[in-house]
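Commentary on secondary and tertiary structure
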Amino acid sequence: MIFADKLIRLRKKSGWSQEELAEKMNVSRQAVSKWEGAQTVPELEKILQLSALFGVTTDYLLKDELEQEEYAPCGEERAIKRVTLAQAQEYLQWRGKAAVLIAAGAFLCIVAVLPLLLLGGAAVTGAAAVSGGVAASVGLCALAVLVAAGVALFVWCGFRNAPYAFIDTEPFETEYGVRGMVAQKKKDFHGAYAVCNIVATCLCILSPVPLFLSILTGEKTFLPVLLLCLSILLAGVGAVLFILCGVRWASMGKLLQEEDYSVAEKKRSGVKEAVATAYWLLAVAVYLAWSFASGRWDVTWLVWPVAGVLYAVLESVLRLILWRKDGQES
């Protein structure tokens, strides 16, 4: 039995029309008609999505010699989660709030070093009547408090997002009207998303400028410290803008199961998350070790832009490796 006949049988067994299947697969009805007419064969990503949707193996879909339906492990008991219109709206509303909380947490972690820099600079330059020991102690305490507050916001968002965790990791169906609603919201938000990313990129690029000016002044006053703090603030605002628009944009992509949130990408997410966790933990370890060993907090912040660039390279290499692996397995 060829793929086209199997698809017709599975669709009719589920009681869906071609239009309904097309809605679930995010394709046109004509595409489904061509699949069932044996005119075209879906790409790998769509095969994986069909496998998850009907609970059958990819081997059953692709191998003509398999006549009987071959269910995936626990396929007969597993129910594909279905997202209703109300749930989708609730999820988007929550992710809008989460974007603010995550951005606030990130900003607190970025600016946590500012009290230490300001107090240390004041002690060294004599701008304030405070000893070096007191400045270091108070600055480190403030750093710990601000980082703890930022991490608390991240943890809270993680707990609050638990009911929607399946959207990140599992294939799911959407109720009629959900895709249209989300697609329209994404279209409406596209302009703001583009502007937000442009402004954030410009701020991050310009953030070292005050630092360069502080080097040029060559003054042993409090001014270079203030300029360094301004550099960190600009970078922090840029990061906040990236997060505010990125979290909302990603939430819509997850509901539509597009691009990085497609069924195929979800299967790779476990490996990518493990690598990302290990990478950023290593970056934090390097930053803290260098900072405490050298005491040059005004220099060690450069770890983060360098780590960001290297992570982009690492992610591209990892994506290529996983893509090749999927190609060989298929």
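Nothing here was measured: the structure is a model prediction, and the numbers come from that model.

Oppositely charged side chains may form a pair once their charged atoms are brought near each other. Summed over the entire model, instances satisfying the criterion amount to three salt bridges. Taking the shortest distance from any N to any O, the salt bridge between Arg-11 and Glu-36 comes out at 2.5 Å. Taken together, the residues span a long stretch of sequence, with Arg-11 in helix H1 (residues 3-14) and Glu-36 in helix H3 (residues 29-36) at a distance of 25 residues. Residue Arg-11 is classed as buried on the basis of its relative accessible area of 9%. Accessibility expressed as a relative area gives 10% for Glu-36, which makes it buried. Between Asp-59 and Lys-63 there is a salt bridge, and its shortest N-O distance comes to 3.8 Å. Judged by its relative accessible area of 35%, Asp-59 falls in the partly exposed class.

Take unusual backbone geometry next. The backbone phi angle of Ala-38 is positive, close to 60°, even though this residue is not glycine. Tracing the backbone through its elements, the reader meets Ala-38 in the loop between H3 and helix H4 (44-54).

Moving on: the confidence of the model for the protein. The predicted model of the protein averages 82 in pLDDT, with 87% of residues at 70 or higher. Across residues 74-78, where pLDDT falls below 50, the model places six contacts with residues more than four positions away in sequence or in other chains.

Let's shift gears to the packing of aromatic side chains. Inspection of the entire model under this criterion finds five aromatic pairs. Ring geometry for Trp-16 against Phe-54: centres 5.6 Å apart, planes inclined by 35°, an arrangement best described as tilted. Placement of Trp-16 in the loop between H1 and helix H2 (18-25) and of Phe-54 in helix H4 is noted, with a sequence separation of 38 residues between them. You'll find Trp-16 and Phe-54 in the same group, each marked buried.

Contact geometry of H1 with H4 gives a least axis separation of 11 Å together with a crossing angle of 35°. Regarding H1 and H4, the two cross each other, and that crossing is left-handed. Facing Phe-3, Leu-7, Leu-10, Arg-11 and Ser-14 of H1, the residues of H4 in contact are Ile-47, Leu-50 and Phe-54. Looking at the contact of H1 with H4 residue by residue, the class counts come to six nonpolar, one polar and one charged.

The rules behind these values
- Residues numbered from 1 in each chain as written.
- Predicted model: local features only at pLDDT ≥ 70, side-chain atom pairs only at ≥ 80, totals over all residues.
- Heavy atoms only, no water.
- Salt bridge = Lys/Arg side-chain N within 4 Å of Asp/Glu carboxyl O.
- Helix = DSSP H or I, 4+ residues; strand = E, 2+ residues; numbered from the N terminus.
- Buried < 20%, exposed > 50% of the residue type's maximum accessible area, 1.4 Å probe, protein only.
- pLDDT = per-residue confidence, 0-100.
- Contact = heavy atoms within 4.5 Å.
- Phe/Tyr/Trp six-rings, centres within 6.5 Å; stacked < 30°, edge-to-face > 60°.
- Axes fitted to C-alpha atoms, helices over the stretch in contact; angles between N-to-C directions.
- Left-handed = near helix turned anticlockwise from the far one by under 90°.
- Nonpolar A, V, L, I, M, F, W, Y, C, P; charged D, E, K, R; others polar.

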